[in-house]
Amino acid sequence: MSAHIGDIVGCLEGLPEVQKCARLYKVQFVGTHGTGKSTLVSNTETILVKHGVVPVRPIRELSQRFSDTGVSLNEKTTLDAQVAVLTQQTAEELLYRERGFNIVTDRSVADNFAYALLAFEKRPEYIASGVLERLHEMVRLFSGYAPASHTFFVPLVNGKLVEDGVRSVNEYFQHAADSRIEELMDANGTRHYRLPIVAERSRNVWLSLVERTLFPDLPDDKYFEPAPPEVVLGSY
């Protein structure tokens with residue numbers, strides 16, 4: 001497994017340097033499952049298009065797509081499954097960027113690595129093989145090679161997880177992933193905006209903050225979402 005990861009890392013290192021300077025939006029929403037990231041992706045795509053940022057390509061529900069093929073995820077995941085999701089995320093982002101698309105996505109490679117750590121970091125065979133270190137190397141490389149223009153960390157809000165056949169409904173696992181993902185973002189030095197914790201019915205505040213972060217210099221009447229309360233802006 002580690003040899004295959006090394007091959008991928010080598011391929012990325014060999015890509016033209018000029019591609020690192022593409023002036024495109026790459027907006028990623030990161031965080032644990034069940035927080036509304038995919039909905040934010042759809043709404044943010046609409047906001048970008050309304051402000052003339054085109055073309056836009058959303059990348060979302062990657063876990064759903066893999067689950068539909070019978071791949072094991074969540075607490076019962078395998079390392080092959082996690083590497084498959086990570087490399088698919090990487091491939092789609094690079095291919096769409098190559099074609100000049102702005103990207104909005106409901107995960108980053110760091111999310112995927114966090115779930116891999118939760119599953120495997122205490123298992124001796126993975127520690128001894130060094131495979132997690134190689135996977136982390138790939139995550140750091142891709143995060144540096146194709147960085148996001150904007151990263152939003154989506155926090156947990158009170159609300160019961162719904163069984164959909166894909167996402168785990170284990171709240172302990174959900175909270176563990178939440179903590180691990182933000183730890184990785186900080187450890188990797190990834191600049192990100194942490195959306196405030198709000199009541200579930202008030203999640204439209206997030207979209208207002210996202211719009212104003214993406215387009216900070218517009219006159220107030222040019223925004224499509226109403227201004228959030230000052231108290232929320234202060235905690236952003």
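Only a predicted model underlies this, so the values are computations on that prediction, with no experimental measurement involved.

The peptide bond linking V54 to P55 adopts the cis configuration, its omega dihedral lying at -5°. One can find P55 in the loop between α2 (37–50) and β2 (56–59).

Before going further, it helps to examine the packing of aromatic side chains. Going through the model one piece at a time under the given rule, you end up with five aromatic pairs. Aromatic side chains Y96 and F101 sit 5.8 Å apart centroid to centroid with 75° between the ring planes, which places their arrangement in the edge-to-face category. A relative accessible area of 13% means that Y96 is categorised as buried. Counting every residue linked through ring pairs, the aromatic cluster contains F29, F152 and Y193. The ring of Y223 carries R212 above its face, with NZ or CZ at 4.2 Å from the centroid.

Looking at the protein, the pLDDT average stands at 80 and 82% of residues meet or exceed 70. Overall, residues 1–22 carries pLDDT values under 50, and its contacts beyond four positions in sequence, including any with other chains, amount to 31 contacts.

The subject of this paragraph is the pairing of strand β4 (residues 150–153). Across the two faces of β4 the burial is the same, with H150 and F152 and T151 and F153 all buried. Strand direction decides the pairing type here: strand β1 (residues 26–30) and β4, joined by four bridges, are parallel. Residue pairing across strands places F29 opposite F152, the latter belonging to β4. Across two bridges, β4 lies against strand β5 (residues 193–194) in parallel orientation. The partner of F152 across the bridge, within β5, is Y193.

With that settled, the discussion passes to helix α5 (residues 109–120). If you check α5, its first and last C-alpha atoms are 16 Å apart, about what 12 residues at 1.5 Å a residue would give, namely 16 Å. For α5, every residue scored as buried is listed here: V109, A110, D111, N112, F113, A114, Y115, A116, L117 and F120. Buried residues along α5 sit against β1, α4 (79–98), α6 (124–129), α7 (131–145) and α8 (171–187). The opening residue of α5 is S108, an N-cap whose side-chain oxygen sits 3.2 Å from the backbone nitrogen of A110.

L79, L132 and L135 are the most contacted members of the largest nonpolar core, which has 28 residues in total. Where this core is concerned, the elements lending two or more residues are α4, α5, α7 and α8. Among the elements that make up this core, the one with the highest residue count is α5 (eight residues). Residues contacting L132, with those up to four places away along its chain left out, are L79, F113, L117, F120, E121 and Y126. With 22 residues, the next largest nonpolar core counts V41, V53, F152 and L209 among its residues.

Reading the values: rules and limits
Residues numbered from 1 in each chain as written. Predicted model: local features only at pLDDT ≥ 70, side-chain atom pairs only at ≥ 80, totals over all residues. Heavy atoms only, no water. Helix = DSSP H or I, 4+ residues; strand = E, 2+ residues; numbered from the N terminus. Phe/Tyr/Trp six-rings, centres within 6.5 Å; stacked < 30°, edge-to-face > 60°. Buried < 20%, exposed > 50% of the residue type's maximum accessible area, 1.4 Å probe, protein only. Lys NZ or Arg CZ within 6 Å of the ring centre and 35° of its normal. pLDDT = per-residue confidence, 0-100. Contact = heavy atoms within 4.5 Å. Pairing = 2+ DSSP bridges. Expected span 1.5 Å × (residues − 1). Polar contact = N/O pair within 3.5 Å; in protein donor to acceptor, adjacent residues only side chain to side chain. Core = buried A, V, L, I, M, F, W, Y, C linked by side-chain atoms within 4.5 Å.

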